[in-house]
Each structure stands twice: as C-alpha cells, then as structure tokens.
Amino acid sequence: LNESVLANLTAISASGVQFIWQTGKYYFDSIQKEMRGKELPNLKVMDFVSDMGAAYHAANLVVSRAGASSISEFQLIGKPVILVPSPNVAEDHQRKNAMALVRRDAALYVEDAEAPEKLLDLTLQTVADDAKLRQLGENVHKMGLKDSAEIIAREVLKLIEQ
C-alpha cells in the first residue's frame, strides 16, 4: 500500500481528493525521508491513526488490508472499502476475507502485486461515484453482526456447560 501511494504522488496531487495515509510505525521514518520536498497539501502522512472512528467518519472511502477486525469495523459502520489483502499472512486468509465481501458486492478488491499500478485509479474512480459508494456502503453494512459479542459469549457459555 505504501508503494502504491509513493508511485502515484503526481496523480494524488492532481486529484483534488484529500488522502489520509497511515504508513505504519515501521515504515514511517523511511517514508518521511522519501517525502521530503514532495509534501502535498491533500496528503496527510501519519504513522498511526489513533482515532480511527474520526478517520472513518471523515472518509468517503477506505483502502485497507483485509484483516477480520478491520472488515468487521467496515461492516458495522457501513463504510465503502477497497481491500488489498496482504500476501504475507497464514493460509491466505485475508484474500478469503476480501472475497467474501466482493462476492456480495460489498467491497472492491485489488491484488497486492497490482496495487502500485491499479489501486489509485480505482480509488479515484470509486470516490467520484456516489452511487457506487452508496451501494458498497449499504451492502457491507448488511453483512455486519451488531450483536456479535453476545453471539460469541453465548457460544462460549455453551462450551463451558458441555
């Protein structure tokens, strides 16, 4: 994801779209060095977003890895998302997570290896398409389990009783 942003700074600058870029703490220093002299007024570079609720609220569209926790957040808040599964996870589970949403037209998908070439174009097309954003948001929201903690607790209690 970081490479995708770095590879498309000119297009980001010209887009007029506001970006919040969470680099991850590990990559932040090297990206800060790479960005010296290339700062963009519409690109906020952060190592970590401490208030994800505020960031999600401000976002029309999220680009994210496809971990289960992140996906459950998108489902609960009905946030349109483009998923880029990490290729570095056990049993390719992020791809499986992403495809469960894609099959229901609840998310868009880009392969990690293709992200530097394809992700920004898809992001800009999607963020400009109000109907697509609405459709993705509604479909992902339908998949959310608002009472998931209770469901899990009931299952745990059943197991304890056995």
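As shown above, the structure is provided for reference.
Read on for a plain summary of the structure. (Residues numbered from 1 in each chain as written. Predicted model: local features only at pLDDT ≥ 70, side-chain atom pairs only at ≥ 80, totals over all residues. Heavy atoms only, no water.)

### Section: the layout of surface pockets
Then, in step 1: The computed volume of the largest pocket comes to approximately 1400 Å³.
Then, in step 2: For the lining of the largest pocket, the secondary structure elements donating two or more residues are helix 1 (2–6), strand 1 (19–22), helix 3 (25–35), helix 4 (52–58), strand 3 (62–64), helix 5 (68–77) and helix 7 (115–127). (1 Å grid on protein atoms, 1.4 Å probe; cavity = no way out; pocket = protein on both sides within 12 Å on 5 of 7 lines; lining within 4 Å. Points joined across faces, edges and corners; volume = space filled by probe spheres on them. Helix = DSSP H or I, 4+ residues; strand = E, 2+ residues; numbered from the N terminus.)

### Looking at the sheet that holds strand 4 (residues 81–83)
Then, in step 1: Spatial strand order, 3-4-5: 3 strands in an open sheet with parallel pairing. Both outer strands of the open sheet, strand 3 and strand 5 (108–109), are each paired with one neighbouring strand and no more.
Then, in step 2: Bridging between strand 3 and strand 4 involves 3 bridges; their strand directions are parallel. Note on strand 4: the bridge partner recorded for S64 is L83.
Then, in step 3: Lying on the sheet, helix 7 is in contact with strand 3, strand 4 and strand 5; it crosses strand 4 at an angle near 165 degrees. (Pairing = 2+ DSSP bridges. Contact = heavy atoms within 4.5 Å. Axes fitted to C-alpha atoms, helices over the stretch in contact; angles between N-to-C directions.)

### Side note on the nonpolar core
Then, in step 1: Among the nonpolar cores identified, the biggest contains 14 residues, and V62, F74, V81, L83 and L101 are the most heavily contacted of them.
Then, in step 2: Listing elements by their share of this core, those giving two or more residues are helix 5, strand 4 and helix 6 (93–102).
Then, in step 3: Here L101 is in contact with I71, Q75, L83, A106, A107, V140 and M143, once residues within four sequence places are set aside.
Then, in step 4: L9, I12, F19 and I31 belong to the second-largest nonpolar core, a separate cluster that totals 12 residues. (Core = buried A, V, L, I, M, F, W, Y, C linked by side-chain atoms within 4.5 Å. Buried < 20%, exposed > 50% of the residue type's maximum accessible area, 1.4 Å probe, protein only.)

### Looking at the packing of aromatic side chains
Then, in step 1: Evaluated as defined, the whole model comprises 2 aromatic pairs.
Then, in step 2: Between Y26 and Y27, the aromatic rings sit 5.0 Å apart at their centres with planes inclined by 85 degrees, giving edge-to-face as the arrangement.
Then, in step 3: With a relative accessible area of 44%, Y27 lands in the partly exposed category.
Then, in step 4: For the ring pair Y56 and F74, a centre distance of 5.6 Å and an interplane angle of 70 degrees mean the geometry is edge-to-face. Of the two residues, Y56 is situated in helix 4 and F74 in helix 5; the sequence distance between them amounts to 18 residues. Considered together, Y56 and F74 belong to a single accessibility category, that of buried residues. (Phe/Tyr/Trp six-rings, centres within 6.5 Å; stacked < 30°, edge-to-face > 60°.)

### A short note on the pairing of strand 1
Then, in step 1: Residues F19 and W21 line the buried face of strand 1, whereas the alternating positions I20 and Q22 sit on a face that is not buried.
Then, in step 2: Where strand 1 meets strand 2 (residues 43–46), 4 bridges bridge the pair, whose relative direction is parallel. What sits directly across from W21, in strand 2, is V45.

### Comments concerning unusual backbone geometry
Then, in step 1: Despite not being glycine, D92 shows a phi value in the positive range, around 55 degrees.
Then, in step 2: Topologically, D92 is positioned in the loop between strand 4 and helix 6.
Then, in step 3: Residue D105 is not a glycine yet carries a positive backbone phi of 55 degrees.
Then, in step 4: Looking at the element boundaries, D105 is found in the loop between helix 6 and strand 5.

These values are about where atoms sit, not about what they do.
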